[in-house]
Amino acid sequence: MNDIFSITKGQLQDILVEAGIKKFRADQIFHYIYKENIWSWNEMVLLPKKDREILKGLLPIYIPEVADRQVSEDKETVKLLLRLQDGQTVETVLMKHDYGNSVCLSSQVGCAVNCAFCASAKNGFVRNLTIGEMTAQLMAFRKYVTSELHSVVLMGTGEPLLNYDNVLAFIRLIHEKDTLYLGYRNITLSTSGIVPAVYRLAEEGIPLNLAVSLHAPNDRIRKKIMPIAERFDFDSVVQAAQTYFEKTGRKVTFEYILIKDVNISDACASQLAQLFSHKNVLLNLIPINDNYDVGLYRPSATESERFLTYLKRKGVNATLRREMGSNIQAACGQLRIKRNS
């Protein structure tokens, strides 16, 4: 069964016509849902009552229940634990920036990639999220936190490119003028490096921002902390990202978790400089966050700054990520399945 948050206006029109409801009602319905934030058929009073009764059965409207809500000390990060219709839960995070509010979405319940530094896979992979469940995460923030959304990052729980069809349909849906009308350049997809899917994405013809989880300067280290590197080696990931840039014109960001005694040596910095010096990429350095006993540790601020300074001196376009939400376990690598009884 479809839900209202999974379909385009054109698909809704087809459903209405088949149900004997006038096609133009789709305009009213989408206006109620996406412009007025009304998510109850009973409150859509411009629709005839008989139409509303039909639609209740055809297209259920379900906003996930907030099982838990946490706000960071600086009030700039809000994390929601959302209970889905089948009882599974996902975490999703809103971050307040100078340029607007950004929502970090989950694309799966759990994760199968199981990077050593990330909590998201510690309870295993459960299932993909539907198109509607991804859209509903945004709707939950509009309902419970704020209606002002500037951008979306698919960096929550799960590997988006292992849920490719649903993720791409979701991205196209929220880009539509009749829905959230979010520009593709305001949407970032993060991947651990599913190489065939990156090439497929490059052919979609949509200028998404792509962030690739690199986290090491070579295969030897990457395989120690990212099991997915056994399937897709370092060089193939970097080449896929280069092809994405060539096809789309969108600069690729390489995410690089800084882990003490693992990937921040002078030799690591030198290898990264050889790869990315004066290249049209961004290397985003992220000190590992305190994280559910994963057994990996954060470098000192001095070590992180030294690593950054070396790279910049060698001509690498590198930044040290501003941290948000770590005190509520909402920062990079901290999201995971939770269940509240």
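This one's a predicted model, so the numbers in the text were calculated from it and none came from an experiment.

Caption draft 1: Expanded view of the sheet that holds strand β3 (residues 89–97). Strand order in the open sheet formed by 10 strands is β1-β2-β3-β4-β7-β8-β9-β10-β11-β12, and the pairing between neighbours is mixed. Each edge of the open sheet carries a strand with a single partner, namely β1 (65–71) and β12 (318–320). Strand after strand, the sheet turns through a mean of 20° between neighbouring axes, direction not considered. On top of the sheet, helix α8 (residues 234–248) reaches β9 (209–213) and β10 (252–258); it is set at about 145° to β10, its chief contact.

Caption draft 2: Region of interest: the pattern of salt bridges. Summed over the entire model, instances satisfying the criterion amount to 13 salt bridges. Between Asp 27 and Lys 9 there is a salt bridge; the shortest N-O distance is 2.6 Å. Remark: Lys 9 occurs in helix α1 (residues 9–18) and Asp 27 occurs in helix α2 (residues 25–35); sequence separation between them is 18 residues. Taking the relative accessible area as the measure of exposure, Lys 9 reaches 16% and is therefore buried. Residues participating in the shared-partner salt-bridge network are Lys 9, Asp 27 and Asp 178.

Caption draft 3: Quick peek at the domain arrangement of the chain. For the chain, the assigned domains read domain 1 (9–58) and domain 2 (65–340). Centre-to-centre separation of domain 1 and domain 2, based on C-alpha positions: 35 Å. Each partner contributes to the interface: domain 1 provides 6 residues, whereas domain 2 provides 11 residues. Counting the surface lost from both domain 1 and domain 2, the interface buries some 790 Å², and carbon and sulfur atoms represent 55% of this. Counting the contacts that link domain 1 with domain 2 gives 1 salt bridge. Its salt-bridge partner being Lys 9, residue Asp 178 comes within 3.3 Å of it at the nearest N-O pair.

Caption draft 4: A look at the nonpolar core. In this structure, Ile 4, Phe 5, Ile 29, Ile 171, Leu 283 and Phe 307 are the most contacted members of the largest nonpolar core, which totals 106 residues. Of the residues that make up this core, three or more belong to each of domain 1 (9–58) and domain 2 (65–340). Excluding residues that lie within four positions of it along the chain, Ile 171 makes contacts with Leu 154, Tyr 184, Ile 187, Leu 189, Ile 206 and Leu 208.

Caption draft 5: Focus on the pairing of strand β2 (residues 77–83). By the criterion of burial, β2 is predominantly enclosed, with 7 of the 7 residues buried. Neither face of β2 is left uncovered, since the one carrying Thr 77, Lys 79, Leu 81 and Arg 83 and the one carrying Val 78, Leu 80 and Leu 82 both have all their residues buried. In this structure, β1 lies alongside β2, joined through 6 bridges in antiparallel fashion. Across the sheet, Asp 68 pairs through a bridge with Leu 81, a residue of β2. Two elements, β2 and β3, share 7 bridges in a ladder whose sense is antiparallel. Bridging from a neighbouring strand, Leu 81 pairs with Glu 91 of β3. Here β2 folds back onto β3, and the loop between the two strands holds 5 residues, one of which, Gly 87, carries a positive phi near 95°.

Caption draft 6: Spotlight on the pairing of β9. Of all 5 residues in β9, 5 are buried; the element is thus mostly enclosed. Where strand β8 (residues 187–191) meets β9, 4 bridges bridge the pair, whose relative direction is parallel. By the bridge assignment, Thr 191 is partnered in β9 with Val 212. A crossover connection joins β8 to the parallel β9 through helix α6 (residues 195–202); in handedness this β-α-β unit is right-handed. Bridging between β9 and β10 involves 3 bridges; their strand directions are parallel. The partner of Ala 211 across the bridge, within β10, is Thr 253.

Caption draft 7: Representation of the UniProt feature "binding site: S-adenosyl-L-methionine" (unreviewed entry) in the chain. Within this numbering scheme, the UniProt entry marks Gly 158, Glu 159, Ser 190, Ser 213, Leu 214, His 215 and Asn 289 as carrying the feature "binding site: S-adenosyl-L-methionine" (unreviewed entry). As for its position among the elements, Ser 213 is in strand β9. Residue classification places Ser 213 among the buried residues on the basis of a relative accessible area of 13%. Look past the residues within four positions of Ser 213 in its chain and what remains in contact with it is Ser 190, Thr 191, Ser 192, Arg 222, Met 226 and Glu 255. Within polar-contact distance, the side chain of Ser 213 engages the side chain of His 215 at 3.5 Å. By the element assignment, His 215 lies in the loop between β9 and α7 (219–225).

What counts and what doesn't
- Residues numbered from 1 in each chain as written.
- Predicted model: local features only at pLDDT ≥ 70, side-chain atom pairs only at ≥ 80, totals over all residues.
- Heavy atoms only, no water.
- Pairing = 2+ DSSP bridges.
- Helix = DSSP H or I, 4+ residues; strand = E, 2+ residues; numbered from the N terminus.
- Axes fitted to C-alpha atoms, helices over the stretch in contact; angles between N-to-C directions.
- Contact = heavy atoms within 4.5 Å.
- Salt bridge = Lys/Arg side-chain N within 4 Å of Asp/Glu carboxyl O.
- Buried < 20%, exposed > 50% of the residue type's maximum accessible area, 1.4 Å probe, protein only.
- Domains from an automatic or database assignment.
- Buried area = accessible area lost by both parts, 1.4 Å probe.
- Core = buried A, V, L, I, M, F, W, Y, C linked by side-chain atoms within 4.5 Å.
- Right-handed = clockwise from strand over helix to strand, strands pointing away.
- UniProt positions renumbered as here; feature names shortened; annotations may be inferred.
- Polar contact = N/O pair within 3.5 Å; in protein donor to acceptor, adjacent residues only side chain to side chain.

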